[in-house]
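The primary structure of each chain is shown beneath.
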Amino acid sequence: EDLSTFFKHEGLDIPGEKIHVVSVADRRYNIYGYVSMHPDDVYIASAWWDAHLLSRLPLPSKFIYLVQDYEPIFYNNSDQYVLAEATYKLKNYIPLCNTKLMYDFMRDRGYEAFKKPSATYFEPAVSRIDSGPAIEKKKSEKKKLFLYGRPNVHRNLFLTALESIDYAVKAGFIVPDDWEFIMAGQDHIPAIQLTSGVKIENLGKIGLQEYIDFSKTIDLAISPMMAPHPNYPTLEFSSIGTAVVTTKYGVKQDLSSYSRNIFISDIGVESMAGAIKLAAGKSYDSRMKDLKTTSIENDWSKSISMASIKDILVSLW
C-alpha cells in the first residue's frame, strides 16, 4: 500500500494488488528467509550485496544490476571494497545505470559489462517543477541556506561542508544576518554553532510532501557528494530554481547540462566556499531565467523508456 501510494505520487499508476512484498531481512531460528523462485522471474539488484548473492544462484538468465553509485568507495580499503568491486566484474548481469554520468564513469573504469550494447542508463525523473518553483523572498525576509547534512554518509562530506559555510561567512561571501541556516537528512544531530557564530538548525528526516513544500522556501542548497552520481537533492533543488552547490568527482566535472543553477566545485573548503559565494550571489530573477533551460526529467514514463527497458528484458533470454 505504501509503495502504491509512493508510485502514484511519482506519476506511476501501479495498484497495490500488483505489489507483493516478501521480506527476508528478519531471519531468525524459526524464519529462514526462503523465497520461492520461478524460471521466468526477473531479478534486479539495487546494491552490490544483492548482486553478490544473485551471482551465486543458479539463475537461468542474467539479472539486472541497477548501478546507482560506485559502491566500493562506501568503504575503506577492505574486504568489503573488494567484494563490492568484484560484482562489476561478474559475467551474468546487465548493467542499468542511474544517470549517464554513472554509465560514463563505469565505462571509464574499464568494466567490460558496461561496454556491451546491452548496458544502458536512464535519467531520474526527480524534477519538482510540476509542484511550482522556489518562492521569491520579500525584502524583509531572510534567505534560507540548506545543507544536506548526513554525517553518517561519509561521501556527503559533512565536516568539509560545515567548514566551507564557516569560511564563506568569515570571508564575507554570506552576510549571516540576511540568512537562515538549516540542515536535514539525518535525525539526532543537535544544532551546530560554527566558529563564525552562525547556528545551523537540524530538521532531521522529513516526510516526502513536507520535503517538497520545504524545498520551495530554499534559496541556496549545499549538497556535496564525493562520488560520480550527481545526487538527488542537487537535481531536485535545481529543478525548481534553487541555486545548488555540489562537488566534482571522476567524470563528474560539469553539471550545467542538467541546470545552470548548479555550481560545482573542487573538493576542498576554499573551492566550496567560492562556489557558495557565486550561488548566494545569484539573484532570484537570474535563477528563474536559467530554470527555463533546465533539462531534469519530471516524467518517469519517459525516463524509463529512455533506458529501453523492453530491450533489456529481451536480452535477458
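Up top is the structure these notes are about.
Below, the structure is looked at part by part. (Residues numbered from 1 in each chain as written. Predicted model: local features only at pLDDT ≥ 70, side-chain atom pairs only at ≥ 80, totals over all residues. Heavy atoms only, no water.)

Describing unusual backbone geometry
Argument step 1. Backbone geometry at Thr 99 places phi at a positive 90°, although glycine is not the residue there.
Argument step 2. Note that Thr 99 resides in the loop between strand 3 (93–98) and helix 4 (100–108).
Argument step 3. Notably, Asn 231 is not glycine yet its phi reads approximately 75°, a positive angle.
Argument step 4. If you trace the backbone, Asn 231 turns up in the loop between strand 9 (220–222) and helix 7 (232–238).
Argument step 5. Residue class for Asn 231 comes out buried when judged on its relative accessible area of 3%. (Helix = DSSP H or I, 4+ residues; strand = E, 2+ residues; numbered from the N terminus. Buried < 20%, exposed > 50% of the residue type's maximum accessible area, 1.4 Å probe, protein only.)

Quick word on empty space enclosed by the protein
Argument step 1. Overall, the coordinates contain one cavity of 30 Å³ or more when judged by the stated rule.
Argument step 2. Approximately 40 Å³ is the volume found for the largest cavity. (1 Å grid on protein atoms, 1.4 Å probe; cavity = no way out; pocket = protein on both sides within 12 Å on 5 of 7 lines; lining within 4 Å. Points joined across faces, edges and corners; volume = space filled by probe spheres on them.)

Side note on the packing of aromatic side chains
Argument step 1. All chains considered together, the criterion is met by 22 aromatic pairs.
Argument step 2. Seen in terms of ring centroids, Tyr 65 and Tyr 93 are 5.3 Å apart; in terms of plane orientation they differ by 70°. Their pairing is edge-to-face. Placement of Tyr 65 in strand 2 (residues 63–67) and of Tyr 93 in strand 3 is noted, with a sequence separation of 28 residues between them.
Argument step 3. Judged by relative accessible area, which is 1%, Tyr 65 ranks as buried.
Argument step 4. Here a set of aromatic residues connected by ring pairs shows up, and it is made of Phe 63, Tyr 65, Tyr 70, Tyr 88, Tyr 93, Phe 105, Tyr 111, Phe 114 and Tyr 249.
Argument step 5. A cation over a ring is seen here: Arg 155 above Phe 74, with NZ or CZ 4.0 Å from the ring centre. (Phe/Tyr/Trp six-rings, centres within 6.5 Å; stacked < 30°, edge-to-face > 60°. Lys NZ or Arg CZ within 6 Å of the ring centre and 35° of its normal.)

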